[in-house]
Amino acid sequence: MSTKWGICSAGKISNDFVVALRTLDSEEHKVTAVAARSLENAKVFAGNHKIESAYGTYEELAMDANVDVIYIGSINTQHLSLCKLFLNHGKPILCEKPLGMNADEVKEITELAKEKNLFMMEAVWSRFFPVYNKVREVISSGRIGDIKCVMASFGYPLMGVSRVSSKELGGGTLLDLGIYTVQLALMVFSGQMPLSVTTKGFLAESGVDETSTTTLLFPNNGIAVLTCTGTCTLPNEADIVGTRGRMRIFFPFWCPTHLQIADEKGVENLSFILPKPGKPLNFDNSTGMRFEAQAVRDCLQQGLKEHPIMNHEESVKIASILEQARHGLGYYLDTEVAK
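A quick note: this is a predicted structure, and the numbers were derived from the prediction, not measured. (Residues numbered from 1 in each chain as written. Predicted model: local features only at pLDDT ≥ 70, side-chain atom pairs only at ≥ 80, totals over all residues. Heavy atoms only, no water.)

*Asks:* For this particular structure, what's the right way to read the overall build of the protein?
*Replies:* Looking only at helices and strands, the protein has 10 helices and 14 strands in total. Here the C-alpha radius of gyration of the protein, 19 Å, is about what a compact globule of 339 residues would show, namely 20 Å. Overall, the protein is about 55 × 45 × 40 Å in size when its C-alpha atoms are taken along their principal axes. Expressed as a percentage of its 339 residues, the buried residues of the protein come to 56%. Put simply, of all contacts in the protein between residues at least 6 apart along the chain, 67% involve residues at least 24 apart. Accessible area for the protein stands at about 14,100 Å²; split by element, carbon and sulfur atoms hold 51% of it. Computing the positive centroid from 33 side-chain charges and the negative centroid from 38, the protein places the two 3 Å apart. (Helix = DSSP H or I, 4+ residues; strand = E, 2+ residues; numbered from the N terminus. Rg over C-alpha atoms; globule rule 2.2 N^0.38 Å. Buried < 20%, exposed > 50% of the residue type's maximum accessible area, 1.4 Å probe, protein only. Contact = heavy atoms within 4.5 Å. Areas by Shrake-Rupley, 256 points an atom, 1.4 Å probe, with all protein chains shown as cover. Lys, Arg positive; Asp, Glu negative; His and termini not counted. Charge placed at Lys NZ, Arg CZ, Asp CG, Glu CD.)

*Asks:* Would you mind showing me how to read unusual backbone geometry here?
*Replies:* Across residues other than glycine, the phi torsion is negative in most instances, and most of the peptide bonds are trans. Omega for the bond connecting lysine 97 with proline 98 falls within 30 degrees of zero, at -10 degrees, which places this linkage in the cis form. Inspection of the secondary structure assignment puts proline 98 in the loop between strand E5 (93-96) and helix H5 (103-116). A cis amide bond links phenylalanine 251 with the next residue in sequence, proline 252, at an omega value of -10 degrees. Checked against the element boundaries, proline 252 lands in the loop between strand E12 (245-249) and strand E13 (258-263). Positioned with a positive phi, asparagine 221 is a non-glycine residue whose angle comes to about 60 degrees. Note on placement: asparagine 221 falls in the loop between strand E9 (209-218) and strand E10 (222-229). For asparagine 221, a relative accessible area of 69% gives the class exposed. At asparagine 236, a residue that is not glycine, the phi angle is positive and equals roughly 60 degrees.

*Asks:* Is there a simple way to explain the environment of alanine 65 in this structure?
*Replies:* Inspection of the secondary structure assignment puts alanine 65 in the loop between helix H3 (58-62) and strand E4 (69-72). Classification of alanine 65 as exposed rests on a relative accessible area of 73%. For the pair alanine 65 and leucine 186, spaced 121 residues apart in sequence, the C-alpha separation works out to 37 Å.

*Asks:* I keep staring at the environment of tryptophan 254 and nothing clicks. Help me out?
*Replies:* On the secondary structure map, tryptophan 254 appears in the loop between E12 and E13. Relative accessible area serves as the criterion here: at 5%, tryptophan 254 is assigned to the buried category. Separated by 25 residues in sequence, tryptophan 254 and threonine 229 place their C-alpha atoms 15 Å apart.

*Asks:* Help me out: how do you make sense of the pairing of strand E8 (residues 196-203) in this one?
*Replies:* The side chains of a regular strand alternate between the sheet's two faces. Sheet topology places E8 next to E9; 8 bridges connect them, and they run antiparallel. The partner of phenylalanine 202 across the bridge, within E9, is threonine 211. Counted along the chain from E8 to the antiparallel partner E9, the turn is 5 residues long, and its residue glycine 207 has a positive phi close to 100 degrees. (Pairing = 2+ DSSP bridges.)

*Asks:* What exactly am I supposed to notice about the nonpolar core here?
*Replies:* Generally speaking, a soluble globular protein has its nonpolar side chains buried in company with each other. Counting 82 residues, the largest nonpolar core has Trp5, Leu184, Ile240 and Ile249 as its most contacted members. Tallying contributions element by element places helix H8 (residues 173-188) first for this core, with 11 residues. Once you skip the residues sitting within four places of it in the chain, isoleucine 249 turns out to touch Val131, Tyr132, Val135, Leu184, Glu237, Ala238, Ile240, Pro256, His258 and Leu259. Ala33, Tyr58, Val67 and Leu82 belong to the second-largest nonpolar core, a separate cluster that totals 27 residues. (Core = buried A, V, L, I, M, F, W, Y, C linked by side-chain atoms within 4.5 Å.)

*Asks:* Help me out: how do you make sense of the packing of helix H4 (residues 79-88) against H5 in this one?
*Replies:* Angle between the axes and distance between the axes are the two parameters that describe a pair of packed helices. One can describe the packing of H4 onto H5 by two numbers: an axis separation of 10 Å at closest approach and a directional angle of 5 degrees. Between H4 and H5, the interaxial angle falls into the category roughly parallel. Across from His79, Leu80, Cys83, Lys84, Leu87 and Asn88 in H4, the residues of H5 making contact are Glu105, Glu108, Ile109, Leu112, Ala113 and Lys116. Each residue belonging to the contact of H4 with H5 can be placed in one class, and the counts come to 6 nonpolar, 2 polar and 4 charged. (Axes fitted to C-alpha atoms, helices over the stretch in contact; angles between N-to-C directions. Parallel < 35°, antiparallel > 145°, perpendicular 65-115°, else oblique. Nonpolar A, V, L, I, M, F, W, Y, C, P; charged D, E, K, R; others polar.)

*Asks:* In this structure, what is going on with the pattern of salt bridges? I would like to understand it.
*Replies:* Considering all chains together, one arrives at 12 salt bridges under this definition. Ionic pairing is found between glutamate 264 and arginine 244, a salt bridge with its closest N-O pair at 3.5 Å. With glutamate 264 in the loop between E13 and strand E14 (266-271) and arginine 244 in the loop between strand E11 (238-242) and E12, this residue pair connects regions lying 20 residues apart in the sequence. Judged by relative accessible area, which is 63%, glutamate 264 ranks as exposed. Salt bridges sharing partners connect three or more residues here, namely Arg143, Asp263 and Glu268. (Salt bridge = Lys/Arg side-chain N within 4 Å of Asp/Glu carboxyl O.)

Shown next as structure tokens:
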């Protein structure tokens, strides 16, 4: 039986998600509907991707009986209200990151999903890439010893992009880019919450964070140094260092195809090739969204309400760290009070 996807929002990331879905078995994944803020945009998207139903309101998508699960690709500030809309209509959801603007929003979403007994996952697609599977395997095997240090950078000149520069749209580089560095550090340190979160950097004139370095201290003397910026292109790689070796996730570390493992036996270079897209993509390696999509289908088939690799607790932890980092720079949302 196929998993029938509904697409919420007809923007760039939704385009790439549908292109990625089309690299999977067409008997297992079907896109049956799309909704946008205007019917015209939804119809254009549906025509481009040969989708049967197009809606000009999200409520219509929520009521479509021919949709099994919703992918939410809207702007950050809409995630809370849209998650609530679809969950309250009985729809499982895969919501783009960040799941919420802060920890309180994420908790509200995860609690509602539990109350409704529905599957819900934040679309941290990185965790489902073959490279990340290998990273987890190497760490758990003890091959590079006890993990002591993670260093990751993520930077592009993005401050001219409204979704990044605008506070009203939930902007800032921590929520857009920094989330990838934080999720990696949490994964590498086995989901432990850091003992401390220290962030230094600069705000843009609009009040959102522009450039920052966040230092996370973990139990057993582990440390993560995470840098993100919207002003320039950084190496965009990640290093994971243990007491007996290290790993390097090459550019682009958030959607990687190349991994280097250096241990006592020497250096191993691994490559994982992604399928070619059937249509143009907007972002790096977006066909890799196929891995999270397949993970969602697997959970729905098995009756799971969370995925063990990216569960609700992980989403809350990520949101909490990002919130502390923002506050460390003086970036508060209107719903938050500076202390």
